[in-house]
Amino acid sequence: MRQPDRISWSQAAVAGLLFALISCTWRYLSDGAGFDELAIRFAAYFLAFTVGFYFLYNLVVKRQR
């Protein structure tokens, strides 16, 4: 069975972008948040998810080898 490869920063960034987009869209539709709040949330969600996903995914892959 082939071991999963490590994830690159660009792949983690795409996942972070999707997460931030979905989260901010949900917030906009449910609360009607303004642009300034959504922009700050988008940046925070994108940064936190991208960095966290990159390190956690690669940590799990590294331990499986």
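Predicted model, so just to flag it, every value in this text is computed and none were measured.

Q: Could you clarify how one ought to interpret the packing of aromatic side chains in this entry?
A: Summed over all chains, the structure comprises eight aromatic pairs. An angle of 10° between the planes, with centres 5.5 Å apart, marks the rings of F49 and F53 as stacked. Here the residue F49 and the residue F53 both occupy positions in helix α2 (residues 35-64), the gap between them amounting to four residues, near one helical turn. Taking the relative accessible area as the measure of exposure, F49 reaches 26% and is therefore partly exposed. With relative accessibility at 28%, the residue F53 sits in the partly exposed group. With a centroid separation of 5.8 Å and 40° between ring planes, the pair formed by F53 and Y57 is classed as tilted. Of this pair, F53 and Y57 both sit in helix α2, four residues apart, which is roughly one turn of the helix. Owing to a relative accessible area of 30%, Y57 belongs among the partly exposed residues under this scheme. Here the aromatic cluster, defined as three or more aromatic residues joined through ring pairs, consists of F19, Y45, F49, F53 and Y57.

Q: In this structure, what is going on with the environment of F55? I would like to understand it.
A: Residue position: F55 is located in helix α2. According to the relative accessible area criterion, F55 is partly exposed, its value standing at 49%.

Q: Even after reading the chapter, I still don't get a nonpolar patch on the surface, so can you show me in this structure?
A: Taken together, the side chains of W9, L47, V51 and F55 present a nonpolar region at the surface, about 410 Å² in accessible area. A total of three residues in the nonpolar patch trace back to one element, the largest contributor, which is α2. Its location among the elements puts W9 in helix α1 (residues 9-31). On the accessibility criterion, W9 (42% relative accessible area) is partly exposed.

Q: In this structure, what is going on with α2? I would like to understand it.
A: For an α-helix, 3.6 residues make a turn, and residues three or four places apart therefore share a direction. Between its first and last C-alpha, α2 extends 42 Å over 30 residues, near the 44 Å set by a 1.5 Å rise per residue. When α2 is considered as a whole, its buried residues turn out to be L38, T50, Y54, N58 and V61. For α2, the secondary structure elements touched by its buried residues are α1.

Q: Any chance you could explain the environment of A20 here in plain terms?
A: If you trace the backbone, A20 turns up in helix α1. Along the backbone, A20 and R41 are 21 residues apart, and their C-alpha atoms lie at a distance of 7.9 Å. The residues touching A20, leaving out its near neighbours within four places in the chain, are F42, Y45 and F46.

What counts and how
Residues numbered from 1 in each chain as written. Predicted model: local features only at pLDDT ≥ 70, side-chain atom pairs only at ≥ 80, totals over all residues. Heavy atoms only, no water. Phe/Tyr/Trp six-rings, centres within 6.5 Å; stacked < 30°, edge-to-face > 60°. Helix = DSSP H or I, 4+ residues; strand = E, 2+ residues; numbered from the N terminus. Buried < 20%, exposed > 50% of the residue type's maximum accessible area, 1.4 Å probe, protein only. Patch = residues over 30% accessible without salt bridge, like charges linked within 9 Å, V, L, I, M, F, W, Y side chains within 5 Å. Areas by Shrake-Rupley, 256 points an atom, 1.4 Å probe, with all protein chains shown as cover. Salt bridge = Lys/Arg side-chain N within 4 Å of Asp/Glu carboxyl O. Expected span 1.5 Å × (residues − 1). Contact = heavy atoms within 4.5 Å.

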